Amino acid sequence: MISQRLFSKVVVIGAVAAVAVLVALVIAPKAMTSAQGSSLDWQTIAEQRGLTEADMRAAAMTYTPSGKLDEYVMFASAGQGGQVLAIGLPSMRLLRLISVFAPEPWQGYGYGAGNEVLEQGFIDGQEILWGDTHHPALSETNGEYDGQWLFIGDKANGRVAVIDLRDFETKQIVHNPAFLNDHGGTFVTPNTEYIVEGAQYGLPVGGDYAPIEDYQNSYSGMITFWKFDRDAGRIDYSKSFAMELPPYWQDLCDSGKLVSEGWIFCNSFNAEMAFGGIEKGNPPFEAGVSKGAVDYLHIINLKAAEAVFQAGAAVDVKGFKVIPLETVIENGLLYLAPEPRSPHGADVTPKGDFISIGGKLDPHVSVYSFQKIKDAIAAGPTEKDPFGVPVLALESVLEAQVELGLGPLHTVYDDQGYAYTSLFLDSAVARWSIGAEGYRPQDGWKLINKTPVQYNVGHLAAAEGDTTTPDGRFLVALNKWSVDRFLSTGPLLPQNLQLIDISQPGDQTQILYDMPITGAEPHYSQIIKADKLKAWEVYPEVGWNPLTQSVDPNAVAQGTEGVTRDGNNVTVRMTAVRSHMTPEHVEIQEGDHVTWTITNVERARDATHGFAIPFYNINLSIEPGESITFEFEATRSGVFSFYCTEFCSALHLEMMGYMMVKPQ
Amino acid sequence: MTTNVISSTNTSASRASQTASRRWLKWLPSVLFLGAAVLLLVSISAPYWGLVLQAPQYPGGLRMRVFVNNMTGDEDPRLDEVREIDGLNHYIGMKSLYEAAKFERSIALPAVFIMAVLLVVAAVWRRRWTWLLALPAFAFPVVFLADLGLWMAYYGQNLDPYAPLSSSIQPFTPPILGEGVIGQFKTIAYVDTGWYIIAAGSLLIAVALLIKLSGRLVQPKG
């Protein structure tokens, strides 16, 4: 009995064991293959990383393998960093930092090179070595980006800079001495005849003093029209002029195009002319400027203003031509149209026929018809503001209002007839249809969908979205806050630039990529098709001076190097090539004034040499072919080991020399 | 055709054609000489020889093209490849390429022109010995490569012992045709369009000389 039971037990156990072994034999190889597969096939990787199908689609739309190039380049301002960033789309790879208003050592900007450009931006002899870059503008030909120039404004000090897109370097900084801040810039006219810079906070014209209580009478607004000389690649100061405006805090401007070419539109947000003073019992600015029911869209006839300027009717303010407000009114250069209170942005549609203004404190975007504006001007407006500027009746110029959500700010456009407005408070991007002929009359004026973004979105940029023919496809939301989007790096967090797919119609929009921007706040950006940019691979000829964009007569050729002396003035003529600088010994005296030219005679792409002299605060980036001249006083004796700061070759560390400064 | 004509029988019809062919044949070497002269002059505009250097940090490679009287890089003048190769060569102590074959380059254009003129003279001035005037042009492709090879050997063997990489790169003879390796660079040397043109000229001259020679051998007496 027992043995029989035992026997059956053994049989059962044996059978179970046999089954287990069989199962193991069948499963194990499979398990092993899948274990191997975890490092091989993408589905498994996606599963392990918790990526959804939508994530994988986003990855497929943005991932740019090594060696593949981006389709678009986005130029983004870098806010209080005083710089501009060039970012590739759709990969969102940072391609280049361009320093504009602030010294930057990588480019050597302000450390021996580009000093004269920075100095152009000094005001009344005051050194200003930073800027608050806000709105970049690409040069245009017939309303299309032409990829040649980039302009950028400095809100803090009311300055505008010119960047040459052949070498992505800043060439010029200008300042209108009549005013000290800006915001509504830069925007260009459709053929880049003018770069528009709208001022922001009301000030006494010319930098004078005036008591704040006299705000209405003594303070003004201003808009500057910088004439761009394309052949010279510079703003022509003598052909530029400004227009005095009421002190309404003009905000953002845009140039008319096609049917509205020759006109400029700016929103404003202080028609109340509030002047603050919370500590004196006055309403604070945030309440005072929002009190009234309406503010004013400014409609400026640039063509007529240009004629008035050329006729000599502008007055001289600190050497700059300004058309006074009375002359502006007399000549019908300015009209106002009411906007819902404290709005933001004034964005002209691709065909130039409408202007969209975000409500900011109003949930609508208000769309004005340029045809209606023209008709209302022709009919002769009956209303006037306190200064006598004609005011067009809202109902006579308004085409549509679309309720979008909370905090509508900026609007950009695509190729499908949609408009996109950032909703700051909702942290979302609203896609809405332009109900007019030529856009989406089939949908009418209506909200299509809202894409949540992270977080507090400011500007938007769409591919070629400011041109007469937007590309659509990609939209970038420039979010002010990132909160939890990235690993914490302490209390100061980066901004978050989010790439959004807008290629599909209806409510199919998708966030594709988050890009942290550290170093500053990109306010606005423009996105250009990459093939329109024709940047040089190396400077065209050896001895190139990037400021004149021609061969520098002082450039040093190999074999002509040396150190010469004329009294206390010492001239150093040096060449740099992998992996040596010539001469390697520079012997001077304490108290000498040194003028040093260094020419990178390289022709190979990327063969950039740096050049640093310790103690003397010199650091250059000398790109292939470039020649740089810098000066300094040899105030301290000693031995200074100068060297190449850009790793150039296997013998880079050997690329150095000694500057011997003999004591007096 | 040629052999047919030469061995043709003497019927009256064939005699007529024979005479015509003879006349044609008599002038053919001259035509070939003139053709070779034209090819020589045409060759000036094309590179004779080329060298490609490939290394990871030069994705498109570095290409040097040698014309009969000068050296250039690839078509885009902004990246001067000769200068770049020269710059790289200084690490191994090689002399500057701009110093190479200066004499040959200085006389190259007049020499090509004279060779072409000699061919024309040989074509129109038909004496027993004038074929000798075609010999310089005939030998030119070989002479060009031989001179190039000598210079390459001289450059490769005479490296500056104080150069940065003198301890790791020993003197060597770079190949004038085919592949080589130097440091991280793979080199590919090849003859280019201009050389093929002068080689075609040599071929024409060779055919012309053969015709002349065979014509002499089978020339009927009287």
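Before reading on, note that the structure itself is shown above.
Residues numbered from 1 in each chain as written. Chains lettered and ligands numbered in written order. Predicted model: local features only at pLDDT ≥ 70, side-chain atom pairs only at ≥ 80, totals over all residues. Heavy atoms only, no water.

**Looking at the sheet that holds strand β3 (residues 71-72) of chain B**
Residues and elements named next belong to chain B.
Thought 1: Here five strands make up an open sheet; going across it, the order is β3-β2-β1-β5-β4 and the pairing antiparallel. Among the strands making up the open sheet, the edge pair consists of β3 and β4 (178-182).
Thought 2: Here strand β1 (residues 49-55) pairs with strand β5 (residues 185-191) via six bridges, running antiparallel. Paired with Val52 across the two strands is Ile188, which belongs to β5.
Thought 3: In this fold helix α3 (residues 81-92) packs onto β1, β2 (58-66), β3, β4 and β5, with an angle of close to 100 degrees to the strand it touches most, β2.
Thought 4: Relative to β1, helix α5 (residues 135-157) is tilted by about 40 degrees, and along the sheet it contacts β1, β2 and β5. (Pairing = 2+ DSSP bridges. Helix = DSSP H or I, 4+ residues; strand = E, 2+ residues; numbered from the N terminus. Contact = heavy atoms within 4.5 Å. Axes fitted to C-alpha atoms, helices over the stretch in contact; angles between N-to-C directions.)

**Here we look at the pattern of salt bridges**
Residue and element names in this part refer to chain A.
Thought 1: Scanning the entire structure with this criterion turns up 24 salt bridges over all chains.
Thought 2: For Arg440, the salt bridge identified is with Asp443, shortest N-O distance 2.7 Å.
Thought 3: You can call Asp443 partly exposed: its relative accessible area is 22%.
Thought 4: In this structure, Glu602 and Arg578 form a salt bridge, with 2.6 Å as the shortest nitrogen-oxygen distance. With Glu602 in the loop between β39 (593-600) and β40 (609-613) and Arg578 in the loop between β36 (569-577) and β37 (580-582), the pair connects residues that are 24 residues apart, well separated along the chain. (Salt bridge = Lys/Arg side-chain N within 4 Å of Asp/Glu carboxyl O. Buried < 20%, exposed > 50% of the residue type's maximum accessible area, 1.4 Å probe, protein only.)

**Overview of empty space enclosed by the protein**
Residue and element names in this part refer to chain A.
Thought 1: Enumeration over the complete set of coordinates arrives at four cavities of 30 Å³ or more.
Thought 2: Together, 13 residues line the largest cavity, and Glu140, Val188, Asp254, Ser255 and Asp466 are the ones closest to its centre.
Thought 3: Across the lining of the largest cavity, the residue classes break down as five nonpolar, four polar and four charged.
Thought 4: Size it by volume and the second largest cavity reaches roughly 70 Å³.
Thought 5: Every residue along the wall of the second largest cavity is listed here: Phe187, Leu252, Cys253, Asp254, Gly345, Ala346, Asp347, His410, His459, Asp466 and Tyr524.
Thought 6: At the level of elements, β12 (250-255) and β18 (344-348) are the ones that each hand at least two residues to the lining of the second largest cavity.
Thought 7: Class assignment of the residues belonging to the lining of the second largest cavity gives a composition of five nonpolar, three polar and three charged. (1 Å grid on protein atoms, 1.4 Å probe; cavity = no way out; pocket = protein on both sides within 12 Å on 5 of 7 lines; lining within 4 Å. Points joined across faces, edges and corners; volume = space filled by probe spheres on them. Nonpolar A, V, L, I, M, F, W, Y, C, P; charged D, E, K, R; others polar.)

**Description of the side chain of Asp501(A)**
Residue and element names in this part refer to chain A.
Thought 1: Within the secondary structure, Asp501 is located in strand β30 (residues 495-501).
Thought 2: Accessibility expressed as a relative area gives 2% for Asp501, which makes it buried.
Thought 3: Looking at Asp501, its side chain comes within polar contact range of the side chain of Ser503, at 2.6 Å.
Thought 4: If near-sequence neighbours (up to four positions away) are discounted, Asp501 is found in contact with Arg57, Met61, Arg473, Gln508, Thr509, Gln510 and Leu512. (Polar contact = N/O pair within 3.5 Å; in protein donor to acceptor, adjacent residues only side chain to side chain.)

**Overview of the interface of chain B and chain A**
Thought 1: Opposite the 10 residues of chain B that make contact, chain A presents 15 residues.
Thought 2: For the pair chain B and chain A, the two sides together bury roughly 980 Å², of which 50% comes from carbon and sulfur.
Thought 3: Put simply, chain B and chain A have one salt bridge between them.
Thought 4: Arg578(A) is the partner of Glu84(B) in a salt bridge, and the nearest nitrogen-oxygen pair spans 2.4 Å.
Thought 5: Applying the counting rule to chain B against chain A returns four residue pairs in polar contact (both at pLDDT 80 or more).
Thought 6: Ranked by the residues each element gives to the side of chain B that touches chain A, the list is headed by α3(B), at five residues.
Thought 7: Looking at the side of chain B that touches chain A, its residues break down into five nonpolar, one polar and four charged. (Buried area = accessible area lost by both parts, 1.4 Å probe.)

Distances and angles like these do not, on their own, reveal function.
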